[in-house]
Structure formats: C-alpha cells, structure tokens
Amino acid sequence: MLSSPRDVLGKVLLDIADEDPNLVVLTADLGRSCRIDAFANRFPDRFFDVGIAEQNLMGIAAGFALYGFIPVACTFAVFTGRAFDQIRQSIAYSNLPVKIVGTHSGLSNAKDGATHQALFDLALFLNLPHFTILNPRDADDARTLLPQTFNRPGPAYFRLSREELPRLGTPPPTLGKGQILRTGKDVTIAATGAMVWRSLAAADQLERYGIAAEVLSYSTLKPFDEELLWESAQKTQGVITVEDHGILGGFGSQIAFSLGRHGLPAPHMMGTWETLGDTGSLEDLYRLNGLSVEHIVRKVESLLNRQRQPGQKH
Amino acid sequence: MEKVVTSLLENQCRQVRKDILQMMKVSGPTHLGGSFSSVEILVALFHLIDYAPHNFHARDRDHFILSKGHAAPAFYSLLAGKGFFRREDLLRFRSTGSPLKGHPDRLTTPGIEIATGSLGQGLSVGVGLALAGKKEGKSFKTYVLLGDGELDEGQVWEGMAAAAHYGLQHLIAIVDVNGLQLDGPTDRIMNLGPLPEKLRAFGWQVYQVDGHDLEKLVTVFTAAARDPFPAPKAILAYTVKGKGVSFLEGRVESHSLALDGDDFSRALAELGGVK
C-alpha cells in the first residue's frame, strides 16, 4: 500500500488543532500543494496564506511565536533555502517554537525539475542550533512523529517527501531515536526518509545472495541517536549511508562525523553529488543519481568485495 | 507636552548619546551615526509606551522591534534606563561573554524581543505580532523601527504589503530617515523616493515628522496610536545621521567609527561633559 508523507500533514494538523488552541498554520501560496487546505477550511481564523513571499512567511511565523502561538509554516523544502537567513536570525537565534514544514523533499518533485528539488536543505538546517529535524520514512512514520515535536520547545523542521512511499508496517518511531528495522551482521545500511524502503528492498535482495544487511532507519536527524549507529558499526564490516540529498553536509556527513569521533571507519556515502536535480520520472531520477535499490545492492557487494552467487548461503 | 517633561526627555537624550560614546570607548568602532539619529525617536517612544521589566512577559503589552539592529547601543542605554539590566553592564558592550552583543540578542539581553541585525527582517515579525493581536481581538501596539537604507531589502516590502492586506491598524512602523547608508547617500546608492507616496500606494497611513523634535515626536506617536483608520501606520522621521556631535552630523563616515583622544573629549564636551 502506498501513501505520501505530505498527505498526512493536513490530518495531523487537524488532530493537534482540536487539542491545542495555540496552533496556527501559515503558508506562502502552497496550501493546496502542502495538503493543508482541509485545515484552512475547518479553521479559517487560524490559517494565514501570506502570498508568494517565503521570507515574510518565516518572519510572520516568528511574530506569532513571540506572541505565544505555535506557528506551523509550510512551503516546499527547496524554498526554505530562500528564507534561510530569516530562519537563521528571526527563528533560530531567538529559539522560537516555529515548526517549519518542507514538502516535496529530495528528488520527489520529479516532473517539476531541478528548480523544485531540495538537495541541500538538511545541510542548512543541521547546522542551526535549537532545531529538531525530522525526515520520516513513510506516511505512518510522519503521522506518529509530527505530533511529538509539538511537545518539544524550540523550532523544528519536518522534511516530507511527495513520493507515494510504501507503507512499511514497521514499529512506530520515537522522536530522537533511530531504529533497527532489520538485523544483520555483514553490513550496516543507514538510511533516512524516502531511502528507507529502498534500503529494506536492497536488504531483501542481498539476503538471497547470502549477505545479511542491518538496516538502520533515521527519521529524527536531530537530536541524533549516535549509540545505535556505533553499536551496529562495531558489529558489521562497514557502514553505507543513503539519502536523497547532497552528500556534503547532509545525513551521510552527519554519520561520518559521528563515526569519526568514535574512532570508527568512515562510511560509504550514497546521495546526490554536484547536482541541482533534473526533470524525469521519479524512479529514473533516483536511478540516474545512483540511488535505486539496485545501486544500494551493488554498493554493498563492492564493499564486501563479493560477487553475486544467487541462492548461495554462507 | 509640559516644559518640565520636555526638559526631562532632552536630558535623557543627552545621557543616551553619552552612554553610546562610553560604549564605543570600551568596544572600538561603533555604529555611532545610526544610533545618534535614532535617539529622540527612541526616547520619545519609550516615554509613551507600555514596555517595562515588570510586564515584559505579558503578551498584550506594547511591543517594540529594533529592525535596524545596528542602533543597539542607543537601545541598550534606553533599556538600562528602564531597569532591564544594570547601567554598569553598558560598559561590557561587545566584550567576550557580555550579555550585550554587537546586535540585539533575545536570549542574552533582557528587554530584547527578537534578534535583529541582518537587515529587513523586523517588519515581518511585527506583522506576525500585530496579526496575532488582531486575531485575538487585542489592541496593543506593535512598533518597528527601521532605517531608510534598510528599505532597500525586498522583505520590507513583502511586510508592507502584508500589513496593509491584513488591515493591521495597531502596527506602527517608524522609519529613521537619516538619508545616509553605509556606502553613501540613500538617494545615490538606491533611490527609493518619494517614500510618502510609495508607502501610501502600499496602503499605509503616512505621518511625517522632524525626528529630533521631542514634542512633535510625542504628538505624532500619540496621533498614530489613536488613529482608528483600519490600516497600518508609517511615521517617516527625518533625522540627521550622527546627530548631537557637530563633526559627525551628516557624514557618511559616522556610520561606524571610533573616536579617540581629543575627538572623544570634544564629542563628550558637546554633550555636556561627563556626568
């Protein structure tokens, strides 16, 4: 069964709004695209569409937060970059509880092309103090995690894919914790967001070739669960990171930093490299950027220096 | 305004300017020009508004955002005068570990609503506050002080448009029109004039005032606050950059500099000496 994380956003906000009168929702003319039009219809006095003006969106959200509201500012993930200085100064510096939602993350806005793809947003947000950062792996994950951030002080960034992702049926996540979705002794695949199902699919294939891959899922990128990573890395022969984001400054860099400061070898990083994105079908784009299931399988094989031997267990 | 009040406020202005010079003395090159041009505006405004340590955490008090964050020295002096922190703290301005940063920081300096310094951001925050107040049916005022050079930033005009769109009657933007920005005269670097017409076209009620005349400032602030017209209010306060020290006035170099030796003594003497 498929579902897009962005499609649950409106439902989550409606649930929270019923309980918390301080929730207000803002957007910069992307209310329908962010799937929050149902919220706008039900709570017109708590919904503010500021027009196509992302810098103003972040500043106005900061003003609502100063007054005592919990504002949720929704736009495409790529356009948060346009308002980064406002996020840095008007939100992060004063530690205001603005919750920023960036939809259409990674390459998931495939047909709109490079102008609408978000491959650097994590690099920006990961360097900001105070922020909680979430990148859910499927719609159920998003539905569980989003409400948890409202109980935390300070700002947050929700990175939501537009891709119709498989509903994985995995145990619900806890904010701030990574999860082992599949155990294995040969290799660690650490994945985030839309790359988690691909990593699980790769692990299925690898099993057939006699390779036991451990799959770590990181839906919370900040605070970052380092212990889970260290334990797995000490057990297996190597770590591969997978993200639909530039590998410099993103999830892979975060893992490399964590492994390095614990005296563990550098990971093999899979992500986009020196590109702004492109137009095409979603699966073509992931394949052209070396991020298909097949690419993950091949990466593991080359890491373990093994040829495929179908059916052979070891 | 009673003569005794005017005289009190005049003294306060002198004190603020002297404080700024002392802060410069301990910290090196300082934004003197834009701090001095804002002194009467700040003193007159804080004489009127409901903004003090005892109610700082109340949400329905008047709000103030120093969007031109480089005028922080003037604002810090005012805040010390209001009792937000000790006057001695002014002399730790910009030193390592000091609560008084180069530009306003909400988390370290009591009395600061929100961090500013990277220009053009304060008005949007003011729009958010005023919109929140309107949503809740409150009538507190939100004041935002901008520089005229700052109006080059596109975000300011996004904020201007939104304030008019939402009919934010209780939002009052004050522009310190000192006519000079870092690189030169504003009409030569980026001519935005005529400002009154531009602001009216954006849907704002426009007031204009001599930004160094305390009585006129008090009058115009009072009028703008009471104006029932359902639109945001802009007050163009015409000022002189570096005002108060003759050899700084109207000089582009006064934007950021340090005065030493004789210049420091002369400046202090013009303001009535150490007291």
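Above this text is the structure in question.
The present account deals with the structure reproduced in this document. Model, not experiment: these values are computed from the prediction. Position numbers for residues start from 1 in each chain and track the written sequence from start to end. Chains and ligands are labelled by the order in which they are written, letters from A for the one and numbers from 1 for the other. Local features in this predicted model are restricted to residues of pLDDT 70 or higher, and side-chain atom pairs are both shown and tallied only at a pLDDT of 80 or more, whereas totals for entire chains, interfaces and linings draw on every residue. With hydrogens and water excluded, all non-hydrogen atoms of the structure serve as input to the side-chain values.

Let's shift gears to the overall build of chain B. On a plain count of helices and strands, chain B comes out with 10 helices and 7 strands. All radius of gyration figures rest on C-alpha atoms, and the globule criterion is 2.2 Å times the number of residues raised to 0.38. The C-alpha atoms of chain B give a radius of gyration of 18 Å, which matches the 19 Å a tight globule of 275 residues would have. Buried, partly exposed and exposed residues are distinguished by accessible area as a fraction of the type maximum, computed with a 1.4 Å probe on protein chains only: under 20%, between the cut-offs, and over 50%, respectively. For chain B, with 275 residues in total, the buried portion stands at 58%. Approximately 10700 Å² of chain B is accessible, and the part contributed by carbon and sulfur atoms is 52%. Two residue types count as positive, namely Lys and Arg, and two as negative, namely Asp and Glu; His and chain ends fall outside the count. For this purpose, a charge sits on NZ of Lys, CZ of Arg, CG of Asp or CD of Glu. Of note, chain B has its 30 positive side-chain charges centred 4 Å away from the centre of its 31 negative side-chain charges. A run of DSSP states H or I qualifies as a helix once it reaches four residues; a run of E qualifies as a strand once it reaches two. Both are numbered from the N-terminal end. Computed by Shrake-Rupley with a 1.4 Å probe, the accessible areas treat only the displayed protein chains as cover when residues are assessed.

Our focus in this paragraph is the sheet that holds strand β11 (residues 213-217) of chain A. Residues and elements named next belong to chain A. At least two bridges found by DSSP between two strands is the condition for calling them paired. What the 5 strands build is an open sheet, ordered β9-β11-β10-β13-β14; its pairing is mixed. Only two strands of the sheet have a single partner each, and these edge strands are β9 (179-182) and β14 (268-272). Across the sheet, the mean angle from the axis of one strand to that of its neighbour is 25°, orientation sign disregarded. The sheet contact formed by β9 and β11 spans 3 bridges and is antiparallel. Each axis is a line fitted through C-alpha atoms, and for a helix only the stretch in contact is used; angles between axes span 0 to 180 degrees, taken between their N-to-C directions.

Residue and element names in this part refer to chain B. Cavities and pockets were defined on a 1 Å grid built over protein atoms only: a cavity is a set of grid points that admits a 1.4 Å probe from which the probe cannot escape, a pocket is an open set flanked by protein on both sides within 12 Å along at least five of seven lines, and lining residues are those with an atom within 4 Å of any such point. Grid points are joined across faces, edges and corners, and a volume is the space filled by probe spheres set on the points. Here the structure, examined in full by the defined rule, presents 1 cavity of 30 Å³ or more. Contributing to the lining of the largest cavity are F64, I65, L66, F75, I112, E113, I114 and T116. Counting residues per element, the lining of the largest cavity draws most heavily on strand β1 (residues 63-66), which supplies 3 residues.

Let us look at the pattern of salt bridges. In the sections that follow, a salt bridge refers to a side-chain nitrogen of Lys or Arg positioned within 4 Å of a carboxyl oxygen of Asp or Glu. Applying the stated rule across the entire model yields 29 salt bridges over all chains. The salt bridge partner of R198 of chain A is E163 of chain A, with a shortest N-O separation of 3.0 Å. Highlighted residues: R198 of chain A in helix α8 (residues 195-208) and E163 of chain A in the loop between β7 (156-160) and β8 (165-166), separated in sequence by 35 residues. Each of the two residues, R198 of chain A as well as E163 of chain A, counts as buried. Taking the shortest distance from any N to any O, the salt bridge between D19 of chain B and R87 of chain B comes out at 2.7 Å. Taken together, the residues D19 of chain B in helix α1 (residues 3-27) and R87 of chain B in the loop between α4 (72-81) and α5 (122-135) connect sequence positions 68 residues apart. One salt-bridge network, in which partners are shared between bridges, spans D121, R159 and D244 of chain A.

Facing the 30 residues of chain B at the interface are 29 residues of chain A. As used here, buried area is the combined drop in accessible area, with a 1.4 Å probe, of two parts when they are placed together. The junction of chain B with chain A conceals about 2400 Å² of combined surface from both sides, 57% of it contributed by carbon and sulfur atoms. Contact with chain A buries area across many residues of chain B, yet R59, Q121 and K135 of chain B alone supply 23% of it, more than any other trio. Run the count over chain B and chain A and you get 0 salt bridges. Note on contacts: a residue pair is in contact if any heavy atoms of the two residues lie within 4.5 Å.

All names here are of chain B. Where strand β6 (residues 205-210) and strand β7 (residues 233-238) come together, 6 bridges link them in parallel fashion. Directly across from Y207, in β7, lies its bridge partner I235. Look down the strands so they point away from you; if going from the first strand over the helix to the second traces a clockwise path, that crossover is right-handed. Crossover handedness for the path β6 to helix α9 (residues 214-226) to β7: right-handed.

This brings us to the layout of surface pockets. All names here are of chain B. The calculated volume of the largest pocket comes to roughly 250 Å³. Along its surface, the largest pocket is lined by 18 residues, and H70, L119, E150, Q181 and H255 are the ones closest to its centre. Under the grouping applied here, Gly and all other residues not named as nonpolar or charged are polar, the nonpolar ones being Ala, Val, Leu, Ile, Met, Phe, Trp, Tyr, Cys and Pro and the charged ones Asp, Glu, Lys and Arg. Residue composition of the lining of the largest pocket, grouped by class: 3 nonpolar, 9 polar and 6 charged. Of the pockets and cavities examined, the second largest pocket occupies roughly 170 Å³. In this structure, the second largest pocket is lined by E10, C13, R14, R17, E40, H212, D213, L214, K243, G244, E270 and L271. Looking at which element gives the most residues to the lining of the second largest pocket, the answer is α1, with 4 residues. Along the lines of polarity and charge, the residues of the lining of the second largest pocket split into 3 nonpolar, 2 polar and 7 charged.

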